[in-house]
Amino acid sequence: MTTLRDAFGQLRRLRLVELQLLITVLLFFAAGYLLVVVATGQSELQTTFQGLLHILWPSSLPLVLFLAISLGLSLRSPTADQLILPLVALLAGLSLMMTARLEPGLNQIVFCSNAAGERFPCYEGIAARQTLWVTLGTLIMATVLFTPLDQICIRWFRHSFIDVLDHYRYMWLALGMILILATFIFGVDPNASGVRVWFNLGFFYFQPSELLKIILVIFMASYLNEYREAVQSSYRLGPFTLPPLPYLVPLIGMWGIAMMTIVFQRDLGAALLLFGVFLIMLYAATRRSLYVIAGVTAFAGGAYILYRLLPIVGLRVSVWLDPWATAQGSGYQIVQAIYALASGGVFGAGLGRGVPEYVPAVHTDFIFVAIGEEMGLAGTLAVLIAYMLLIFRGYHLALAIPGRFRGFEQLLVIGLTSIIAVQTLIILGGNLRLIPLTGITLPFISYGGSSIVINFLIVALLLRISVSDQRY
């Protein structure tokens, strides 16, 4: 009788909403993947169970791991947020399907040339590598969720995991600065783009600026939480009301060092991303619009100076304003993206029916354009809604945290969610020519190891905080 009661108790703990959504995502992308294979007329499709499994298992493996994580949360933390995981699975599944769509085995082969004039398939092997990155990111997320980090941190630091993040902010900041400065010495440029912002770790390249996003958010959340009242205050100097500059100098100095280092490395997309997150967190901590106005004004002035001084900024602005003037040169990528979006129409050409591979770097910078060509306006709006729901859940989690005693966690959630929000806004704006294109990726969808892994780490921290929130 006791065993039966325990079994019913475990059944009640199942996160049924999350499980239903994850199964729906898994079936949706299995059907989409098979549709791509059928549409491209591939001979390797065999209508047997073994044949279907042979095609589906590599891309479906990460999504099956999502189901395992959901079951683990049902046992360990049944009251955690139930919508974040399915939304991430939806976006990651779309990434796997689109990268598989670009594989030479699933479409006509498009050849690229390197500096030596050698020709090679542009997208060969990206589906397998993207599956590996998504799987690795999912495993890292599971590790953060199910490892007893609180017990480990208490044993080594005498603080809980969140308190270690909060109390050792200058250690995290120093680590971030060391990572970025190390790129000057050990950085490599695998894409021959003139930007040395990767580390060659042998079997893959890692971009330190991706990890720097989380490190700087931890620092800003800790600093703003400790000096929140001081930063909110002001003092009068004659007829003028001035902000508390002594308390803002460390923040501005920290941001300035990071920005200048990134600008020197020509990683302008990361600079814009960090600046946007910085302003959002400063406004959330102070609720003073004056800081936002001053920050935007300072950024506009700095952007104009960089436009005049840095050739790469001037080139991107000129291409943004008139890509047709250099349609066979530097504007070719944007012009091809415009044609791809126009050909997609409202409902798209259909999975496997478009030619998104003719847009240069479509799997990284312009993956949203590939979605627009094959799924149309309806598909792009669906993706945008998924991002909006994910961002809403993040900010909702921050609002649900009591701010008086857990201000650091509240600001940390706001910062982590803002990373996803600002990064999405920047890359979508670049794809749609609302702003100049910058070299960052669309979260969870674009191809790229560093970005995928770090975004999953962000989601893991959000889910862990949503789990710990139930104790209060």
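As a convention, each chain's residues are numbered from 1 in the sequence order in which they are written. Since the coordinates come from a predicted model, pLDDT governs what is reported: local features require at least 70, and pairs of side-chain atoms require 80 or more to be given and counted, while whole-chain, interface and lining totals use all residues. Side-chain calculation: all heavy atoms of the structure are included, whereas hydrogens and water are not.

Going along the chain from the N terminus, every DSSP run of H or I of four or more residues is numbered as a helix, and every run of E of two or more is numbered as a strand. Within the protein chain one finds 18 helices and six strands. Counted over contacts in the protein chain with a minimum sequence separation of 6, partners at least 24 positions apart contribute 70%. As presented, the protein chain carries roughly 22,500 Å² of accessible surface, and 69% of it is formed by carbon and sulfur atoms. Residue contacts are counted whenever heavy atoms from the two residues lie within 4.5 Å of one another. Using a 1.4 Å probe, accessible areas were evaluated by the Shrake-Rupley method; residue-level cover was limited to the displayed protein chains.

Moving on to the nonpolar core. In summary, soluble globular proteins display a tendency toward joint burial of nonpolar side chains. If you look at the biggest cluster of nonpolar residues, it comprises 114 residues, and the most contacted ones within it are Phe66, Leu94, Met141, Leu412, Leu416, Ile445 and Phe456. In this view, isoleucine 445 contacts Leu91, Leu94, Ser95, Gln130, Ile367, Ile371, Val383 and Tyr387; residues no more than four positions away in its chain are not counted. By nonpolar core we mean a set of buried residues, namely Ala, Val, Leu, Ile, Met, Phe, Trp, Tyr and Cys, connected to one another through side-chain atoms within 4.5 Å. Only protein chains enter the accessibility calculation, which uses a 1.4 Å probe. A residue is then buried if its area is under 20% of the maximum for its type, exposed if over 50%, and partly exposed in between.

Another point: the side chain of threonine 380. For threonine 380, the position within the fold is in helix α16 (residues 367–400). Taking relative accessible area as the criterion, threonine 380 reaches 9% and is therefore assigned buried. Polar contact is defined as a pair of N or O atoms within 3.5 Å, subject to the rule that within protein one atom must be able to donate a hydrogen and the other to accept it, and that residues adjacent in sequence are counted only when both atoms are side-chain atoms. Separated by 2.8 Å, the side chain of threonine 380 and the backbone oxygen of leucine 377 make a polar contact. When neighbours within four sequence positions are excluded, threonine 380 is seen to be in contact with Phe368, Ile371 and Gly372.

For every element, the axis is a line fit to its C-alpha atoms; helices are fit only across the contacting stretch, and the angle between N-to-C directions ranges from 0 to 180 degrees. At their nearest, the axes of helix α4 (residues 84–101) and helix α5 (residues 126–146) sit 8 Å apart, and the two run at 165° to each other. With respect to each other, α4 and α5 are oriented roughly antiparallel. The hand of the α4/α5 crossing is left-handed. For the pair formed by α4 and α5, the contact residues are Leu85, Ala92, Ser95, Leu96, Thr99 and Ala100 on the first element and Ile126, Ala127, Gln130, Thr131, Val134 and Met141 on the second. For the contact of α4 with α5, the residue count by class is eight nonpolar, four polar and no charged. Any angle that falls under 35 degrees is termed roughly parallel, while one over 145 is termed roughly antiparallel, one within 65 to 115 roughly perpendicular, and all others oblique. By convention the crossing between two helices is left-handed if the near helix lies anticlockwise of the far one by an angle smaller than a right angle, and right-handed if it lies clockwise. Under this grouping Gly is polar, as are all residues other than the nonpolar Ala, Val, Leu, Ile, Met, Phe, Trp, Tyr, Cys and Pro and the charged Asp, Glu, Lys and Arg.

With that settled, consider unusual backbone geometry. One non-glycine residue, arginine 433, lies in the positive phi region at around 65°. Tracing the backbone shows arginine 433 in the loop between α17 (407–431) and α18 (449–468). Arginine 433 gets classed as partly exposed once you look at its relative accessible area, which sits at 30%.

The end-to-end C-alpha separation of helix α12 (residues 268–286) is 27 Å, in line with the 27 Å expected for 19 residues at 1.5 Å each. Counting buried positions along α12 gives 15 out of 19 residues, so the element sits mostly inside the fold. Where α12 terminates, the next one or two residues include arginine 287, which has phi positive at roughly 55°. One less than the number of residues in a helix, times 1.5 Å, gives the span that helix is expected to have.

Let us look at the packing of helix α9 (residues 208–226) against α17. With their axes 8 Å apart at the nearest point, α9 and α17 run at an angle of 145° to one another. When you trace α9 past α17, the crossing you get is right-handed. The residues of α17 that touch α9, namely those facing Lys213, Ile214, Val217, Ile218, Ala221, Ser222, Leu224 and Asn225, are Gly407, Phe408, Leu411, Leu412, Gly415, Leu416, Ile419 and Gln423. Considered class by class, the residues forming the contact of α9 with α17 number 10 nonpolar, five polar and one charged.

Okay, the packing of aromatic side chains next. Ring geometry is summarised as follows: Phe, Tyr and Trp rings, the Trp one being its six-membered ring, pair when their centres sit within 6.5 Å, and such pairs are stacked at plane angles under 30 degrees, edge-to-face over 60 and tilted between the two. All chains considered together, the criterion is met by seven aromatic pairs. With a centroid separation of 5.8 Å and 80° between ring planes, the pair formed by tryptophan 324 and tyrosine 339 is classed as edge-to-face. With tryptophan 324 in the loop between α14 (311–321) and α15 (332–344) and tyrosine 339 in helix α15, the pair connects residues that are 15 residues apart, well separated along the chain. Ring geometry for phenylalanine 444 and phenylalanine 456: centres 5.6 Å apart, planes at 85°, overall edge-to-face. Here phenylalanine 444, found in the loop between α17 and α18, pairs with phenylalanine 456, found in helix α18; they are 12 residues apart in sequence, far enough to count as distant. Here phenylalanine 444 matches phenylalanine 456 in class, with each residue buried.

Attention now goes to the environment of alanine 337. For alanine 337, the position within the fold is in helix α15. On the basis of relative accessibility, which here comes to 1%, the residue alanine 337 falls in the buried class. Non-local contacts of alanine 337, meaning those with residues more than four positions away in its chain, are made with Val359, Phe366 and Val369.

On to the confidence of the model for the protein chain. Scored from 0 to 100, pLDDT reflects the predictor's confidence in each residue. On average, residues of the protein chain score 79 in pLDDT, and 78% of them are at 70 or above. Every residue in residues 105–109 scores below 50 in pLDDT, and together they form 18 contacts with partners more than four places removed in sequence or on other chains.

Residue placement: leucine 19 occurs in helix α2 (residues 16–39). Sequence separation between leucine 19 and glutamine 82 is 63 residues; the distance between their C-alpha atoms is 8.7 Å. Beyond its immediate sequence surroundings of up to four residues, leucine 19 is in contact with Leu14, Leu67, Ser70 and Leu71.

The subject of this paragraph is the side chain of glutamate 373. Along the chain, glutamate 373 falls in helix α16. Judged by relative accessible area, glutamate 373 falls into the buried class, the value being 5%. Only 2.9 Å separates the side chain of glutamate 373 from the backbone nitrogen of valine 355, close enough to count as a polar contact. With sequence-adjacent residues up to four places away left out, glutamate 373 is seen in contact with Ala340, Ser343, Gly344, Gly348, Ala349, Gly354, Val355 and Pro356.

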